[in-house]
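These are the residues of each chain, in order.
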Amino acid sequence: MSTEENFDLLFKALSNRSRRELLDLLTDGPKTTGALCEAFPRIDRCTVMQHLGVLQKAGLVVAERRGRERWNHLNAMPIHELQKRWIGPYADHAVTMLDQLQVAVEGQEPPAASGRADLKS
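First, a word on what this report is: a plain description of the structure on this page. Predicted model, so just to flag it, every value in this text is computed and none were measured. (Residues numbered from 1 in each chain as written. Predicted model: local features only at pLDDT ≥ 70, side-chain atom pairs only at ≥ 80, totals over all residues. Heavy atoms only, no water.)

A word on the overall build of the chain
A count of helices and strands for the chain gives five helices and three strands. Listing the helices and strands of the chain from first to last along the sequence gives α-α-β-α-α-β-β-α. Out of the 121 residues belonging to the chain, those deemed buried represent 25%. Contacts in the chain between residues at least 24 apart in sequence constitute 51% of all its contacts with a sequence separation of at least 6. (Helix = DSSP H or I, 4+ residues; strand = E, 2+ residues; numbered from the N terminus. Buried < 20%, exposed > 50% of the residue type's maximum accessible area, 1.4 Å probe, protein only. Contact = heavy atoms within 4.5 Å.)

Rendered as structure tokens:
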């Protein structure tokens, strides 16, 4: 599967509120499928399992069988890849702009020329 297809699956998984809530529950540590189902009384077990399947396909959840229980673990690596590709460069640019503004406000030197910096460099 290509990187772009993996990102498509990731964005699809994150687009649903219930799936994001499931991920939030897993940030504290692994949970059984039963415990996750109990946390969503408004949703039937089959639907929770479908949401977990979407999260697993996107690589956000890794399931482990222990006897009769299925333990679900959060895998944050796909989110880290998303951060590296899209969020990081913009955050770096914003920090640079804030540093330049602080220097300008403190009167140490004039602000850099306005305009958007190339985010690909």
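Concerning the pattern of salt bridges
What the rule picks out here adds up to four salt bridges. Of the charged contacts in the structure, one is a salt bridge between Glu21 and Arg42, with a shortest N-O distance of 3.0 Å. One end of the pair, Glu21, is in helix 2 (residues 17–26); the other, Arg42, is in the loop between helix 3 (33–38) and helix 4 (45–57), and 21 residues separate them in sequence. Among the salt bridges present, the one from Glu81 reaches Lys84, with a minimum N-O distance of 3.4 Å. One end of the pair is Glu81 and the other is Lys84, both in helix 5 (residues 77–105) and three residues apart, which spans about a single turn. By relative accessible area, Glu81 is classed as partly exposed at 33%. (Salt bridge = Lys/Arg side-chain N within 4 Å of Asp/Glu carboxyl O.)

Some points on helix 2
Three or more residues of helix 2 are buried, namely Ser18, Arg19, Leu22, Leu23 and Leu26. Along helix 2, the residues classed as buried sweep out an arc of 145 degrees about the axis, all on the same side. Residues of helix 2 that are exposed and angled more than 90 degrees away from the buried face: Arg17 and Asp24. With a side-chain oxygen positioned 2.9 Å from the backbone nitrogen of Ser18, the residue opening helix 2 is Asn16. (Arc of directions from axis to C-beta. Polar contact = N/O pair within 3.5 Å; in protein donor to acceptor, adjacent residues only side chain to side chain.)

A look at the pairing of strand 2 (residues 61–66)
Both strand 2 and strand 3 (residues 69–74) contribute to a ladder of six bridges, which runs antiparallel. The residue bridging Arg66 from the neighbouring strand is Glu69, located in strand 3. From the end of strand 2 to the start of strand 3, which pair antiparallel, there are two residues, and Gly67 there has a positive phi angle of about 65 degrees. (Pairing = 2+ DSSP bridges.)

Quick notes on the packing of aromatic side chains
Tallied over the full model, the rule gives two aromatic pairs. Each ring, one from Phe7 and one from Trp86, has its centre 4.8 Å from the other, and the planes form 70 degrees; the classification is edge-to-face. You can see Phe7 sitting in helix 1 (residues 3–14) and its partner Trp86 sitting in helix 5, a full 79 residues away along the chain. Clustering of aromatic rings is evident, with ring pairs tying together Phe7, Phe11 and Trp86. (Phe/Tyr/Trp six-rings, centres within 6.5 Å; stacked < 30°, edge-to-face > 60°.)

Focus on the side chain of Arg19
By the element assignment, Arg19 lies in helix 2. Despite its burial, Arg19 remains without a salt bridge, the nearest opposite charge being carried by Glu21 at 11 Å. If near-sequence neighbours (up to four positions away) are discounted, Arg19 is found in contact with Lys12, Ala13, His51, Val54 and Leu55. (Lys, Arg positive; Asp, Glu negative; His and termini not counted.)

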